[in-house]
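Listed below are the residues making up each chain.
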Amino acid sequence: MTNRNGIIGLTIVLALISAYYLSFTFVSRNIKGKAVTYATDASGKVDDKKRQHYIDSLWREDVYLGQTLQEVMERELSLGLDLQGGMHVVLEVAPAEILKGMAGGNSRSAAFQKALAAAQADKKADNKAFVKIFVSAFKEAAPNTSLASVFATSANRTKINSNSSDGDVVKMLNTEIDGAIDRAFQITQARIDKFGVTNPNIQRLPGTNRVLVELPGVDNPERVRRLLSGAAKLEFAQVYLTNELAPAIDQLGSYLAKEDARVKAAGKPAAATASTDTTKSGLSGLAAQLEQKGDSAKTDTSALAAQSAALTSLFVPMPQGLGVYLKDTARANEMLARPEVRSMFPADLVFMWDRKGTEGQNNQLILPLYFIKKQNGQAAMEGDVITDATHDYDDRGRPEVTMRMNGEGARKWRTLTANSIGRPVAIIIDNLVYTAPTVQGEIPNGNSSITGNFTVEETKDMSNVLKAGKLPAPTHIVEEAIVGSTLGSEAITAGVLSSVIGLIVILVFMVAYYSGAGFIADITLLLNLFLLLGVMASLGAVLTLSGIAGIVLSIGMAVDANVLIYEGIKIEIAEGKPFKLAVQDGFKHSMTAIIDSNVTTLLTGIILYTFGSGLVLGFATTLVIGLLTSLFTAIFITRLFLEYQIRHGKVYKFYSGLTKNWFKDNNFDFVSQRRRFYIISSVIMVIGVGSFIFKGFGLGIDFKGGRSYVVRFDKNVETDEVREVMSAALGNSPEVKTFGGFDQVKITTDYLIEDTAPDADQRAETKIMEGVSKVKDNKGTIVSSNKVGPTIAYDTMINALYAVLLALAANFVYIFLRFKRLAFSYGAVMSLAHDVIILLAVYSLFNGWLPFSLDIDQAFIGAILTMIGYSMNDTVVIYDRIREYLKDDKATTESLPTIINNALNSTLSRTAVTGISVMLVLIVLMVFGGEVIRGFTFCMLLGVIVGTYSSLFVAAPIVVDILQREKIKQASLAVTGVSDAASTKGKIVKA
């Protein structure tokens, strides 16, 4: 093997990188374990507050390789919501409300209202942009009216005018909607950052007006709904200066000193200070401030020192007021909310935090606290006066934000700035201070700029956020999933158990089949698993239950590369070659099949990743990474081990005593029976199509929209009884199915699914619990819930259809490029279509008969695409051998059916070994993987069986039929050509 040292070096580097990134996961898990131990009382109950306090105390402390606990947790291999519980939400910005805001008073016209209502209705069944749908509806409602006459308002005069073309107006509307979505994302991000969730995931979904939010560990869904659906509130207010509040700060110091003394007297440890150095620096800074006040200068020095020490044990003096270390904000909030503390400060003062912290000593994050002035709880100005805000540069080239106000705002802004010269004015969004610039002079016309130590990105974000007051862009929750922590812990157990058992099954099977060589395959599989997890950790991937399934399945499919290599070596040994040469030629001749088969599966994995979400996305991530790592380990690591054994005189037989004669000299006649198998497949497909028409499918809420709740009862429960009580509560009959065990059901309903009111989800859940409570002598609890709105359900269905069609097209093109003949492409795609139809037939015929879900949903589409990848993998290996046999010299003397029969028989051992390996893994996943992925696993297991069948009895026979027709056609053309030539020649002779 050339470059052996290079491969060894690369392997060592990859292993070290994987070990480095995975080490963060082990450190994080260890600290979390210590936190649980610290918070567990004698009865075994865990106090969540104590556990969180333990973590908070280390949040900014170095805990591993110079990294703080925060950085360690950010680098760990995170668990998905299905493994630790939490909440998944997709927010949709309402474009209809944005258009109404852009139209101003013109939005009340009958034509506008009619067009808007029609656009909202059509959007549920149309994937086009909302503006395009609205414009089409508006032209129907008012065919002779220009868009400029509606949208050329005073607020938009800088962008369009009454003479602007419809194209210019459409461009402006699209720009404003995109900006509104960006603002919604920024506001959502700011809210979540202050929510206190570890490792939240917030993304703007590309090409949509939606924002994805994932919050691990959240156990208060209603609070999250209020947080995410609330309106963004923009305010402008004056800020109290520190010297104006010196008496109040002095009293606060005295109060804290007394609190510390009381705690010490009670024999309890005093609250930990931020650090010794910080306290000292804070004391000197505070003393300087307190010396400015007259009466306090007479205060006893020791008393002043005690007050200062107590104050700086919690607060840090800063230019705008005080600051608090991030880990102490909860304590500060509790302290400042006390009535006795509140009474020390002016009645119009409101405490507010800055939107982001600043680095203090020892790299600890300090969150500035502002003293905001509000009369009767009202700020001097609110954001509804902003007409526009843009990011720009000042005369020194520094990024700044410029904003423009309406007439009312200009008058208020003039008064506010005139009264605040030399003082800061806070710009507040959702009760967080974004910036507090010092006013340099009166601003009379409402046009002003905000300067500071900003980056370009910050001014862009701030301009977007400032515009939030101009365009109402409410957000609605169109998809929601809640997983209880109990269900998450059960999923972890099921995932780990299925992974371990699946891995053991594969390792034992390889040794049982290949004997000593099987141990080498096992070592490469374990290394593959290690590298796979290392790559996931380095990329910041999230490990989900479906991801665990993807890992286990990728290990099962990784066996295929080893099997191709080993079967190739066995063929070379059977031809009498010495072991060393057999290994070299076995690798050489199997490489084409390995690359081709893995590329087809990789194409499918990429399509899954592109179009999938949730369960499918987690599965696709691990599948794609697993394919790449398995290729590396099978091709390079396996060869390194074999060559090492060769150098030490070791020879392997690649079979055990049990498997020595398996598939030896087999001579099955696949081709001659092809019409019989065509008939069998056709009958099944016709029955399936009949079932499609008359029975239909069970559609999951991914595709039809709705709400689903998993309810666990104390005892076993009958689905008919649950359906009856739920029908009475909801007013219609929901779908009720057993889910997991007989004590657990899944309730699916469309109750209030189109209601966008903030409390709709809570009302729906209340109704569900009202019905559940009527089940006699059997208490029920909601352990997880899911919601998908009609619009997102339609988009999901369209994306699924695109994914399947794209997978078929991509594989058709790849097969044609690799094999240069349409016969192979037709055979592959027709066999894939055959597989899909049969799977759909099973899901239609047996829906409601099997003890797990056979709904058509995203998981089913993911399984279909995985089956397409596996079936193509199997088909390509067979095609590769057929191509090889067609090029052989024997092809000139043997019939086409004989050649293809020989090719099929020569690959039968590989087909069987890989198929058995993958099926064993899938059976383990079905039994031990948990209810969440059971239907998904069943579809893949069925797909492997059907895919293996179609590769042997559909794809290859179709190639035989097409090639024979081409041969007959070519022979006919040749005969016709000779006849024409002879006829022409005869005529010439006669002439």
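Residues numbered from 1 in each chain as written. Predicted model: local features only at pLDDT ≥ 70, side-chain atom pairs only at ≥ 80, totals over all residues. Heavy atoms only, no water.

K.L.:
Explain the sheet that holds strand E14 (residues 386-393) here, please?
P.N.:
Sheet strands line up and pair through hydrogen bonds in the backbone, either parallel or antiparallel. On the basis of which strands lie adjacent, the open sheet formed by three strands has the order E14-E15-E18 and antiparallel pairing. Among the strands making up the open sheet, the edge pair consists of E14 and strand E18 (448-451). For this sheet, the mean inter-axis angle between neighbouring strands, taken without regard to orientation, is 25°. Strand direction decides the pairing type here: E14 and strand E15 (residues 399-405), joined by seven bridges, are antiparallel. Following the sheet pairing, Tyr393 is matched in E15 by Pro399. In the packing of helix H16 (residues 407-418) onto the sheet, contacts are made with E15 and E18, and the angle to E15 comes to roughly 120°. (Pairing = 2+ DSSP bridges. Helix = DSSP H or I, 4+ residues; strand = E, 2+ residues; numbered from the N terminus. Axes fitted to C-alpha atoms, helices over the stretch in contact; angles between N-to-C directions. Contact = heavy atoms within 4.5 Å.)

K.L.:
What exactly am I supposed to notice about the side chain of Ser871 here?
P.N.:
If you trace the backbone, Ser871 turns up in helix H29 (residues 858-887). According to the relative accessible area criterion, Ser871 is buried, its value standing at 0%. (Buried < 20%, exposed > 50% of the residue type's maximum accessible area, 1.4 Å probe, protein only.)

K.L.:
Mind showing me how you'd approach the packing of helix H25 (residues 719-730) against helix H26 (residues 760-772) here?
P.N.:
Geometrically, a packed helix pair is captured by the angle between its two axes and the distance between the axes. Interaxial distance between H25 and H26 falls to 8 Å at its minimum, and their mutual angle equals 135°. Between H25 and H26, the crossing angle belongs to the class labelled oblique. Both H25 and H26 take part in a crossing whose hand is right-handed. Touching Val725, Met726, Ala729 and Leu730 of H25 are Lys767, Ile768, Glu770, Gly771 and Val772, all from H26. (Parallel < 35°, antiparallel > 145°, perpendicular 65-115°, else oblique. Left-handed = near helix turned anticlockwise from the far one by under 90°.)

K.L.:
Honestly, the packing of aromatic side chains in this entry has me stumped. Any pointers?
P.N.:
Here a ring pair, both rings aromatic, is described through the centre-centre distance and the interplanar angle of the planes. What the rule picks out here adds up to 25 aromatic pairs. Between Phe345 and Phe351, the aromatic rings sit 5.2 Å apart at their centres with planes inclined by 85°, giving edge-to-face as the arrangement. We note that Phe345, like Phe351, is buried. Counting every residue linked through ring pairs, the aromatic cluster contains Phe668, Phe670, Phe677, Tyr949 and Phe953. The aromatic ring of Tyr240 is capped on one face by Lys373, whose charged end is 4.8 Å from the ring centroid. Above the plane of the ring of Phe587 lies Arg639, whose end atom (NZ or CZ) is 5.1 Å from the centre. (Phe/Tyr/Trp six-rings, centres within 6.5 Å; stacked < 30°, edge-to-face > 60°. Lys NZ or Arg CZ within 6 Å of the ring centre and 35° of its normal.)

K.L.:
Whenever I open this one, the packing of helix H1 (residues 4-39) against helix H19 (residues 516-539) confuses me. Can you help?
P.N.:
Interhelical geometry of H1 versus H19 gives an angle of 55° and a closest axis separation of 8 Å. Regarding the angle of H1 to H19, the classification is oblique. With respect to the hand of their crossing, H1 and H19 are arranged in left-handed fashion. Residue-level inspection shows Thr11, Leu14, Ala15, Ser18, Ala19, Tyr21 and Leu22 of H1 in contact with H19, the latter providing Leu527, Phe530, Leu531, Leu533, Gly534, Val535, Ala537 and Ser538.

K.L.:
Is there a simple way to think about the environment of Ile878 in this case?
P.N.:
For Ile878, the location among the structural elements is in helix H29. Among the residues examined, Ile878 registers a relative accessible area of 1% and is labelled buried. A C-alpha to C-alpha distance of 7.6 Å links Ile878 and Ser951, two positions 73 residues apart in sequence.

K.L.:
It is not clear to me how the environment of Leu543 should be interpreted in this structure. Could you clarify?
P.N.:
Within the fold, Leu543 resides in strand E20 (residues 542-543). Accessibility expressed as a relative area gives 12% for Leu543, which makes it buried. Considering only alpha carbons, one finds Leu543 and Thr621, 78 residues apart in sequence, at a separation of 9.3 Å. Each residue touching Leu543, except ones within four places of it in the same chain, is listed here: Leu77, Ser78, Leu79, Gly80, Leu83, Met536, Ile548 and Ile551.

K.L.:
Explain the pairing of strand E9 (residues 321-325) to me, please; I cannot follow it from the model alone.
P.N.:
Successive residues of a regular strand alternate their side chains across the two faces of the sheet. Counting buried residues in E9 gives five out of five residues, a clear majority hidden from the surface. Where strand E8 (residues 315-318) and E9 come together, four bridges link them in antiparallel fashion. Each residue of the ladder has a partner; that of Val316, found in E9, is Gly323. Sheet analysis places E9 next to strand E12 (residues 365-373), joined by four bridges and oriented antiparallel. Its bridge partner being in E12, Val324 is matched across the sheet by Leu367.

K.L.:
Help me understand the environment of Ile693, please; the structure alone is not making it clear to me.
P.N.:
Tracing the backbone shows Ile693 in helix H23 (residues 674-694). What makes Ile693 exposed here is its relative accessible area of 61%. Considered as a pair, Ile693 and Ser844 are 151 residues apart in the sequence and their alpha carbons are 9.7 Å apart.

K.L.:
Explain H23 here, please?
P.N.:
Since the α-helix packs 3.6 residues into each turn, any two residues three or four apart lie on the same face. With 21 residues, H23 should reach 30 Å at 1.5 Å per residue; the first-to-last C-alpha distance of 30 Å fits that figure. Along H23, the positions that sit buried rather than exposed are Arg674, Phe677, Ser681, Met685, Gly688 and Ser691. Projected down its long axis, H23 shows its buried positions confined to an angular sector of 115°, all on one face. Opposite the buried face of H23, by more than 90 degrees, sit the exposed residues Arg675, Arg676, Ile679, Val686, Ile693 and Phe694. Just past H23, the residue Gly696 takes up positive phi, approximately 80°. (Expected span 1.5 Å × (residues − 1). Arc of directions from axis to C-beta.)

K.L.:
Explain the pairing of strand E21 (residues 706-713) to me, please; I cannot follow it from the model alone.
P.N.:
Taking burial as the measure, the eight residues of E21 include seven buried ones, the bulk of the element. Bridge count for E21 against strand E24 (residues 780-788) is eight bridges, and the pairing is antiparallel. Its bridge partner lying in E24, Gly706 is registered against Val788. For E21 and strand E23 (residues 741-749), the ladder comprises six bridges, and the chain directions are antiparallel. Bridge pairing in E23 links Arg712 to Gln744.

K.L.:
Would you explain the pattern of salt bridges in this entry?
P.N.:
Side chains that differ in charge, positive against negative, can pair when their charged atoms come close. For the structure shown, the criterion picks out 27 salt bridges. Residue Asp761 is joined to Lys787 by a salt bridge in which the shortest nitrogen-to-oxygen separation is 3.3 Å. Of the two residues, Asp761 sits in helix H26 while Lys787 sits in strand E24, which places them 26 residues apart along the sequence. For Asp761, a relative accessible area of 5% translates into the label buried. (Salt bridge = Lys/Arg side-chain N within 4 Å of Asp/Glu carboxyl O.)

K.L.:
Quick question: what am I supposed to make of the sheet that holds E24 here?
P.N.:
The antiparallel open sheet is built from eight strands, whose spatial order is E5-E6-E4-E19-E24-E21-E23-E22. Strands at the two margins of the open sheet, each flanked by one partner only, are strand E5 (201-204) and strand E22 (735-739). Adjacent strand axes in the sheet meet at a mean angle of 20°, parallel and antiparallel pairs treated alike.

K.L.:
Where do I start with the confidence of the model for the protein chain in this structure?
P.N.:
As a note on interpretation, predicted positions should not be read in detail where pLDDT is low. When pLDDT is averaged along the protein chain, the result is 79; 87% of the residues meet or exceed 70. Confidence drops under a pLDDT of 50 for residues 268-300, and excluding neighbours within four residues, the segment shows 43 contacts in the predicted structure. In the model, residues 984-991 has pLDDT below 50 throughout and makes zero contacts with residues more than four positions away in sequence or in other chains. (pLDDT = per-residue confidence, 0-100.)

K.L.:
Teacher, can you tell me more about the side chain of Ser708 here?
P.N.:
Residue placement: Ser708 occurs in strand E21. Not counting chain neighbours up to four residues away, the residues in contact with Ser708 comprise Ile701, Lys746, Ile747, Thr748, Ser784, Ser785 and Asn786.

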